[in-house]
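# Architecture at a glance
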Amino acid sequence: MRKCSADVNHIRLHGAVGEAPVYSHLNHGVEFYTFPLVVRRLSGAEDQVNVVAPLELLECCGPLERESELTVLGEVRTFNNRTGVGSRLVISAFARELRQEPGEDENRLELSGTLCKTPSLRATPLGRTICDMILAVNRRYGRADYLPCIAWGSLAHRCGGMEVGDQLRLTGRLQSRTYTKVSGDRSEERVAFEVSIMSLAAAEPAGKEEHTG
């Protein structure tokens, strides 16, 4: 059986632990825990990113308490949470490395993948151009993560001219935003996550290797 080659998927975060880790799930005998990491933008706004880490990694890192400064290296993962009413896309930073250390807040994401939905180009009420799209990022062994991405201004116009199947490589950040979900006479405040695109380039075709020298 041929293994599916993985796309680029790297995230680097530095921020403050929002809450102590709590048990999340068991997978192949490994316990996983989750906690929020609060990362401040240059504007002063804050993104609260869900981090998932195996117990062994947390034990090596040392006790994590609220407001502990932490660097997270890993990748972005998605799954559909079907508990409760409807299905909700959950996006997390899957930790490969954790380091308790001081530093500047950082939220940097590098991805490559395939555009899997026609981009939606529109204007905000204030007249800013914005484009929404979905990027499929392959993992190994045939799995993939489907990440909502957003671009502004000239990048939005570039994204709006792309087609399903285009191979893309981008840098950006994983950001959070709060919105109100209205269902009948009930309303619920929710947090959505998306990739805010900072730079964009065409990716190498699948299966093509880069050679240097």
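Now for a description of the structure that goes with this document.

Calculation rules
Residues numbered from 1 in each chain as written. Predicted model: local features only at pLDDT ≥ 70, side-chain atom pairs only at ≥ 80, totals over all residues. Heavy atoms only, no water. Pairing = 2+ DSSP bridges. Helix = DSSP H or I, 4+ residues; strand = E, 2+ residues; numbered from the N terminus. Phe/Tyr/Trp six-rings, centres within 6.5 Å; stacked < 30°, edge-to-face > 60°. Buried < 20%, exposed > 50% of the residue type's maximum accessible area, 1.4 Å probe, protein only.

### Some details on the pairing of strand 3 (residues 30–40)
- Inspection of the sheet shows strand 1 (residues 9–17) paired to strand 3 by two bridges, in the antiparallel sense. Bridge pairing in strand 3 places Val17 opposite Leu37.
- Summarising the sheet, strand 2 (residues 22–27) and strand 3 pair through five bridges and their orientation is antiparallel. By the bridge assignment for strand 3, His25 is matched with Phe32.
- Hairpin connection from strand 2 to strand 3: two residues lie between these consecutive antiparallel strands, with His28 at a positive phi of about 55°.
- Bridge analysis of strand 3 against strand 4 (residues 46–54) gives nine bridges, and the strand direction is antiparallel.

### Looking at the packing of aromatic side chains
- Under the counting rule described, the total for this entry stands at two aromatic pairs.
- Pairing Tyr23 with Tyr33 gives two aromatic rings, centres 5.7 Å apart and planes at 80°, and the pair type is edge-to-face. With Tyr23 in strand 2 and Tyr33 in strand 3, this pair connects stretches of sequence that are ten residues apart.
- Among the residues examined, Tyr23 registers a relative accessible area of 46% and is labelled partly exposed.
- Ring centres of Phe32 and Phe94 lie 5.8 Å apart, and the angle between their planes is 40°; this geometry places the pair in the tilted category.

These figures capture arrangement, not role.
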